[in-house]
Amino acid sequence: MSLLLTSRPIVVISELAMRVGLNEAMLLQQIHYWATETTSGIEHDGRCWVYNTIAEWMEQFPFLSESSIKRAFASLKAQGIIYVEKLSSDPRDKTNFYAINYEHRALTDEVKMTPCNGSNCTDATGQSEPMQKVKMTRCKRSKRAVLHTEITTESTSKEKPTQTLPGALDSRREWFRNFLAGLLRNQFPVTDAATLHDQVVEFLSHHGLTCRREYPVDDRGDGRGGKVDILVTDDAGHRCGIELDWKSPRRKSITKLNSIGGGLVVLRDVNSRGDYLDSGILVIGGCKAEPLSGQAGEVLDFLNSKINGRTPKRADTLRAITERLADGYSQAELKLVAEHRTDQLLNNPGLAHMLAPNRLFAADGFGAYLVAANAWQKKRTQRAERVAAVEQQRQSPPTGEVPAIDFDDAFDRLFVEGLPPANPAEDLAWQHVQKNGFNKPGDEPSARREWRTILTRSYARSARAEA
């Protein structure tokens, strides 16, 4: 058997593999190859970008599964070593483009790769123009079937053997933890523990990782057995425990994770401190700062002021308010619903519990509450306008020449007998009453007194109009 290779092997510097991961190093080297050694790259935003589908990457690495390739790309992106963007101007084209961050510290020293220059990136026909000004077509490479033999980084006598990775066990464990931290950091909206637990498991499973809930351990710090919230395992068998805590890690969480060799605490609150280590356990914030949380807090304060309540501002109490704001409802609309429902329910002991924030602003009932609140607000506004108009009439004396007026006769004809107005002044007064009503419609003596002011002003207006 010949010991000579008949084709070029895949060559990866072991130091690079130890820094970023073996699969990551192979994919990174292949991106570097396409960007610098071929004319298939494109120039955009000062970087050289290459593009392949996952299926095409699998053709180049037939020994890697689809999930392994996706996970490796996600890791490189999370570490900031590559940029991944959808650069096509056609929104239907979801092709990922990849560029290397050559300034990243993982690529320094002996593993630093030389970035491509503009001429290397744009020699290909149709790729010398800016990205958005050309019609992009997938490159046709006749060598695609044997691309896995075309990675052209040459080995030298100074390079270490690529078959073994000294100290790889601890390095890979730490890398896997940091990889998970990159995936989960500030990824989820602020929510309760059970919801975040489900979201983390679903998110990691989508990335091809195996998640086991409630992994048992012998000691949680008080001599009793406990359970780690999630144990995550990849295809290579590396594992990492994850504990989900509120604003800071619990001591028993630290103890449980250290009992299985380390892990990660993901906080349900926004972690303003940034990442930090607690007894060797990495602590990160899993929830992203919500730009709507401030508005949600104002709505909750308004509700508390209306019901004389003291509901605290927490993730669970603000969740429904934040969701409605995210749905596009305005802060004013939420406050209007709160005011209307308070007017309806506060004095009813059997229904006052429905003023709880997560019930009041729940998605299934909020739309109907808003319709009712808008109708209530319209009637309230009309009533206020009528009161203001009457008050203005009382405080503003009529002007102009006013003839002798039989107020009682006009009142009887128009409102008792139902006869039509006898002149333009009576018509103006009658229209005013039809629009605004009387201040006390059930009190006839009060209505007759108010009618004298209305009709007097109408005669004055009519006289000015004729003049």
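This structure is a prediction, so every number in the text was calculated from the model and none was measured. (Residues numbered from 1 in each chain as written. Predicted model: local features only at pLDDT ≥ 70, side-chain atom pairs only at ≥ 80, totals over all residues. Heavy atoms only, no water.)

Participant: What is the right way to look at the confidence of the model for the protein chain in this model?
Facilitator: The predicted coordinates should not be examined in detail at positions where pLDDT is low. Mean pLDDT for the protein chain: 78, with 79% of residues reaching 70 or above. Here residues 110-169 is a poorly scored stretch, pLDDT under 50, and it has 111 contacts once near neighbours within four places are set aside; other chains count. (pLDDT = per-residue confidence, 0-100. Contact = heavy atoms within 4.5 Å.)

Participant: Would you mind showing me how to read the packing of aromatic side chains here?
Facilitator: Aromatic ring pairs are defined here through the distance separating the ring centres and the angle between the ring planes. One pass over the structure, following the stated rule, counts 17 aromatic pairs. For the ring pair Y51 and F97, a centre distance of 4.7 Å and an interplane angle of 45° mean the geometry is tilted. Note that Y51 is positioned in strand 2 (residues 47-51) and F97 in strand 4 (residues 97-100), a separation of 46 residues in sequence. Judged by relative accessible area, F97 falls into the buried class, the value being 2%. Through a chain of ring-to-ring contacts, three or more aromatic side chains come together here, namely F411, F415, F438 and W451. (Phe/Tyr/Trp six-rings, centres within 6.5 Å; stacked < 30°, edge-to-face > 60°. Helix = DSSP H or I, 4+ residues; strand = E, 2+ residues; numbered from the N terminus. Buried < 20%, exposed > 50% of the residue type's maximum accessible area, 1.4 Å probe, protein only.)

Participant: Looking at this structure, how should I read the environment of I307?
Facilitator: Relative to the helices and strands, I307 resides in helix 9 (residues 293-307). Separated by 45 residues in sequence, I307 and A352 have C-alpha atoms that sit 9.2 Å apart. Ignoring sequence-local partners within four residues, the contact set of I307 consists of T342, L346 and L355.

Participant: Help me understand the sheet that holds strand 2 in this model?
Facilitator: Working definition: the strands of a sheet are paired by backbone hydrogen bonds and lie parallel or antiparallel to each other. A sheet is described by the order of its strands in space; here 4 strands give the open sequence 1-2-4-3, paired in antiparallel fashion. On the outer flanks of this sheet lie strand 1 (42-44) and strand 3 (82-85), each paired with one strand and no other. Across the sheet, the mean angle from the axis of one strand to that of its neighbour is 35°, orientation sign disregarded. Bridge analysis of strand 2 against strand 4 gives 2 bridges, and the strand direction is antiparallel. Across the sheet, residue V50 finds its bridge partner in strand 4, namely Y98. (Pairing = 2+ DSSP bridges. Axes fitted to C-alpha atoms, helices over the stretch in contact; angles between N-to-C directions.)

Participant: What is the right way to read helix 2 (residues 22-37) from this model?
Facilitator: Owing to its 3.6 residues per turn, the α-helix aligns residues three or four sequence positions apart on the same side. With 16 residues, helix 2 should cover 22 Å at 1.5 Å per step; its first-to-last C-alpha distance of 22 Å lies within 8% of that length. Extensive coverage of helix 2 is indicated by the burial of 13 of its 16 residues. (Expected span 1.5 Å × (residues − 1).)

Participant: Just checking my understanding: could you explain helix 10 (residues 315-326) for this structure?
Facilitator: Where helix 10 is concerned, the buried positions are A315, T317, L318, A320, I321, T322, R324 and L325. Backbone geometry just after helix 10 places G328 at a positive phi near 110°.

Participant: Hey, could you run me through the pairing of strand 3 in this one?
Facilitator: Strand residues, when the strand is regular, have side chains that alternate between the two faces of the sheet. Burial along strand 3 is one-sided: I82 and V84 are buried, and none of Y83 and E85, which face the opposite way, are. Where strand 3 lies against strand 4, 4 bridges are found, and the strand directions are antiparallel. Of the residues in strand 4, the one forming a bridge with Y83 is A99.

Participant: So what exactly am I meant to see when it comes to the packing of helix 2 against helix 4 (residues 66-79) here?
Facilitator: When two helices pack together, their arrangement is captured by the angle between the axes and the distance separating the axes. The contact between helix 2 and helix 4 brings their axes to 9 Å, and the two run at 80°. When the axis of helix 2 is compared with that of helix 4, the two are roughly perpendicular. Where helix 2 approaches helix 4, its residues N23, E24, L27, L28 and I31 are matched on the opposing element by S68, I69, A72, F73, S75 and L76. Class assignment for the residues of the contact of helix 2 with helix 4 results in 7 nonpolar, 3 polar and 1 charged. (Parallel < 35°, antiparallel > 145°, perpendicular 65-115°, else oblique. Nonpolar A, V, L, I, M, F, W, Y, C, P; charged D, E, K, R; others polar.)

Participant: How should I be thinking about the layout of surface pockets in this particular structure?
Facilitator: Unoccupied space between atoms shows up once a probe the size of one water molecule is rolled over them. Counted as a void, the largest pocket has a volume near 590 Å³. In this structure, the largest pocket is lined by 22 residues; those nearest its centre are K70, F73, A74, N96 and H207. Contributing elements (two or more residues each) for the lining of the largest pocket: helix 4, strand 3, helix 6 (168-184) and helix 7 (193-206). Among the elements that make up the lining of the largest pocket, the one with the highest residue count is helix 4 (6 residues). Its residues placed into classes, the lining of the largest pocket shows 9 nonpolar, 8 polar and 5 charged. (1 Å grid on protein atoms, 1.4 Å probe; cavity = no way out; pocket = protein on both sides within 12 Å on 5 of 7 lines; lining within 4 Å. Points joined across faces, edges and corners; volume = space filled by probe spheres on them.)

Participant: For this particular structure, what's the right way to read the pattern of salt bridges?
Facilitator: Across all of its chains, the model carries 21 salt bridges by this definition. In this structure, D222 and R220 form a salt bridge, with 3.0 Å as the shortest nitrogen-oxygen distance. Here D408 and R448 are joined by a salt bridge, their closest N and O atoms 3.4 Å apart. Placement of D408 in helix 14 (residues 407-416) and of R448 in helix 16 (residues 444-466) is noted, with a sequence separation of 40 residues between them. Look at R448 and you get buried, because its relative accessible area is 19%. (Salt bridge = Lys/Arg side-chain N within 4 Å of Asp/Glu carboxyl O.)

Participant: Would you mind showing me how to read the sheet that holds strand 6 (residues 226-233) here?
Facilitator: Taken in spatial order, the 6 strands line up as 5-6-7-8-10-9 in an open sheet, and their pairing is mixed. Two strands bound the open sheet, and with one partner strand each, they are strand 5 (210-217) and strand 9 (276-278). Across the sheet, the mean angle from the axis of one strand to that of its neighbour is 35°, orientation sign disregarded. Summarising the sheet, strand 9 and strand 10 (residues 281-285) pair through 3 bridges and their orientation is antiparallel. Looking across to strand 10, one finds that L277 is bridged to L282. Across the sheet, helix 7 lies against strand 5, strand 6 and strand 7 (239-245), angled at about 130° from strand 5, the strand it touches most. Packed onto the sheet, helix 8 (residues 251-259) meets strand 5, strand 6, strand 7, strand 8 (263-267), strand 9 and strand 10 and runs at close to 175° relative to strand 7.

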